[in-house]
There are 2 protein chains.
Amino acid sequence: MATLRVLSDQDVRKCIDIKGTLTAVEKAYVAKSSGLAHLYPVIDEKLHNDKAEFDIKSGDWLEQEIIGAKLVNWFGDNSAKGLDTIVGLSMLFDSNTGYPLALINASYITSMRTGASGAIAAKYLAKPDAKVAVVIGTGNQALFQIAFLISALPTIQNIYIVNPRSFDKAQKFTADVSQRLKMVIEDQIDPENKLWNRRVQAINFLASADVEKALVVADVIITATPSRGSLISKESIGPGVHINCMGADSVGKQEIDEELFSTARVFTDDLSQSISLGEC
Amino acid sequence: MATLRVLSDQDVRKCIDIKGTLTAVEKAYVAKSSGLAHLYPVIDEKLHNDKAEFDIKSGDWLEQEIIGAKLVNWFGDNSAKGLDTIVGLSMLFDSNTGYPLALINASYITSMRTGASGAIAAKYLAKPDAKVAVVIGTGNQALFQIAFLISALPTIQNIYIVNPRSFDKAQKFTADVSQRLKMVIEDQIDPENKLWNRRVQAINFLASADVEKALVVADVIITATPSRGSLISKESIGPGVHINCMGADSVGKQEIDEELFSTARVFTDDLSQSISLGEC
């Protein structure tokens, strides 16, 4: 076997930043939609009465001479054991020889990739002067969605944080979100993160107890919850509002009122996956 | 991430032998057919105009507390580059936490596993006094099929070696097969391989230029070629002959006359895979 490069979580955090990830993910989306990169079928297996999941996502990008596979497990009961709920490994293979090139801890890279996907959608589809974002969800991904959104959309000024089940959690998240965002690197060539810290400081974060009230003022809405029912009614969404539906990633999950799809314009990164696993 | 055990090709060769592999593979088949172990859908992607293939095979065996995945690549042009044609990595995950346990070079373990599968089939389905085997194919897997067959079937005495395209290759394979078989370990508790060497020495290996002539005397036939057309006609197979069809493992591959299936009793380790990828 050829030498296999192994990248730990620390290694990955040193390698990637918001700007680079946005560029790379956008480039990958363009390659995929041009037929230059291909996704293989998704392995999506439920275990332990749906309290755990074993997924494999894979594909090739021959122009970049790589085949990639990510094996990512979600084990809901892990947090009670003091373990990470999501554990993932990515592997890269040389697409000319099939030889493995790298084994990469996929936790951080997954959070960053998903953050970038949302921000790229908002960059092209939200109102160009979008000022107010509403983030529904207060988990790990909410943080990354916010980080990438404010990097990609310089007009965003106010962000409402909503947790539909717990205002307390929304308040707690809001209290330290600025501090946590400062830990995320915006740009590897600005290692002291000066510009980024200024951008984060300029955002008003507001915990909201009332989902509908927050939605009325929104230009951009991000849903990032494990919900299995609608969190957003059709009535609360005005014209031109952009919604990033990040949560619904497997059969049975839902965040959006299905009625909304009758008037909304829907964009998806992968049609077949959106139909089988996503909100559509 | 928890500590990941990494097993190189050398490590794997030190860990497994024929007897242990036969026992483990048979145990796994029993678990699978009892519904205790599960296979997930197979990823089977062709690349470079069918000159390369990227496969992922995965499944769980919760009783053993493991989820496993094997990423195995076949790149036909590799041999011309002095590289291995098949490169594989197996990964084991703790099925209670999803954490990775081991990363294993899967080349040798794949050869051993496939050898064991054939021998287990022959052990239960061939005539109890089977004396003559015909092996069609002179590649790497032919060697493992023979090794496991003579270990599992102590009555086998004569083995005809056939290469349908090249008698020369059949002769070359036959010339050193005994020597190569002695390199395979029969039993870890007999590290000097004394009993095994005696067993190998007792077998008559005969290169055959005529497939049909060889088949007439066969009790057991093993096909292990990359053929895409029938190598065995219905007429040449007498009653009670056992055929292990090892080669046809993806869409388009075939080794057996389809007419033969009208009179044969067919056994398969995985019905849906046999129908979609195999000889059925």
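Residues numbered from 1 in each chain as written. Chains lettered and ligands numbered in written order. Predicted model: local features only at pLDDT ≥ 70, side-chain atom pairs only at ≥ 80, totals over all residues. Heavy atoms only, no water.

Colleague: What's the story with the sheet that holds strand 8 (residues 132-136) of chain B in this structure? I'm lost.
Modeller: Backbone-to-backbone hydrogen bonds pair the strands of a sheet. The strands run either parallel or antiparallel. Residue and element names in this part refer to chain B. With parallel pairing, the five strands of this open sheet are ordered in space as 10-9-8-11-13. Each end of this open sheet is capped by a strand with a single partner; those strands are strand 10 (204-207) and strand 13 (242-245). Between one strand and the next, the sheet's axes are offset by a mean angle of 15°, whatever the strand orientation. Sheet topology note: the strand 9 (residues 158-162)/strand 10 ladder contains four bridges and is parallel. Note on strand 10: the bridge partner recorded for N158 is N204. (Pairing = 2+ DSSP bridges. Helix = DSSP H or I, 4+ residues; strand = E, 2+ residues; numbered from the N terminus. Axes fitted to C-alpha atoms, helices over the stretch in contact; angles between N-to-C directions.)

Colleague: For this particular structure, what's the right way to read the packing of aromatic side chains?
Modeller: Within a pair of aromatic rings, the relevant descriptors are the distance that separates the centres and the angle that separates the planes. Tallied over the entire structure, the rule returns six aromatic pairs over all chains. Ring centres 5.6 Å apart and planes at 70° place the aromatic pair F54(A) and F93(B) in the edge-to-face group. Of this pair, F54(A) sits in strand 4 (residues 52-61) while F93(B) sits in strand 6 (residues 86-94), each in a different chain. Residue class for F54(A) comes out buried when judged on its relative accessible area of 0%. Put simply, the rings of Y40(A), F93(A) and F54(B) pair up and form one aromatic cluster. (Phe/Tyr/Trp six-rings, centres within 6.5 Å; stacked < 30°, edge-to-face > 60°. Buried < 20%, exposed > 50% of the residue type's maximum accessible area, 1.4 Å probe, protein only.)

Colleague: Got a minute to help me understand the domain arrangement of chain A in this structure?
Modeller: One frequent convention defines the size of an interface as the accessible area lost when the parts assemble. Residues and elements named next belong to chain A. Taken domain by domain, chain A comprises domain 1 (5-109) and domain 2 (114-276). Each of domain 1 and domain 2 has a C-alpha centre, and the two are 22 Å apart. Across the boundary between the two partners, domain 1 contributes 19 residues, which contact 21 residues of domain 2. Interface area for domain 1 against domain 2, summed over the two sides, is near 1700 Å², with a carbon-plus-sulfur share of 55%. Per-residue buried area on domain 1 facing domain 2 is highest for I18, L22 and Y29; these three make up 34% of the total on that side. One can count ten residue pairs in polar contact (both at pLDDT 80 or more) joining domain 1 with domain 2. Every element with two or more residues in the side of domain 1 that touches domain 2 is listed here: helix 1 (9-15), helix 2 (18-33) and strand 3 (43-47). Among the elements that take part in the side of domain 1 that touches domain 2, helix 2 stands out by supplying eight residues, more than any other. Split by residue class, the side of domain 1 that touches domain 2 holds nine nonpolar, one polar and nine charged. (Domains from an automatic or database assignment. Contact = heavy atoms within 4.5 Å. Buried area = accessible area lost by both parts, 1.4 Å probe. Polar contact = N/O pair within 3.5 Å; in protein donor to acceptor, adjacent residues only side chain to side chain. Nonpolar A, V, L, I, M, F, W, Y, C, P; charged D, E, K, R; others polar.)

Colleague: I tried to follow the relation of the copies chain A and chain B on my own but got confused; where do I start?
Modeller: A rotation about an axis combined with a shift along that same axis relates the two copies of the chain. Between the two copies, chain A and chain B, the superposition gives an RMSD of 0.0 Å; the rotation angle is 180° and the shift along the axis is 0.0 Å. Both copies are brought into coincidence by an operation consistent with a two-fold rotation axis. Among all residues of chain A, the one whose C-alpha sits closest to the rotation axis is I43(A), at a distance of 4.1 Å. (Least-squares fit on C-alpha atoms with pLDDT ≥ 70 in both.)

Colleague: What should I look at first to understand the interface of chain A and chain B in this one?
Modeller: Contacts between the two partners involve 35 residues from chain A, matched on the other side by 35 residues from chain B. Taken over both partners, the interface formed by chain A and chain B buries close to 3200 Å², and the fraction arising from carbon and sulfur atoms is 74%. Counting the contacts that link chain A with chain B gives zero salt bridges. At the boundary of chain A with chain B, the tally comes to ten residue pairs in polar contact (both at pLDDT 80 or more). Looking at the side of chain A that touches chain B, the elements with two or more residues in it are strand 3, strand 4, strand 5 (66-75), strand 6 (86-94) and strand 7 (100-105) of chain A. Along the lines of polarity and charge, the residues of the side of chain A that touches chain B split into 21 nonpolar, nine polar and five charged. (Salt bridge = Lys/Arg side-chain N within 4 Å of Asp/Glu carboxyl O.)

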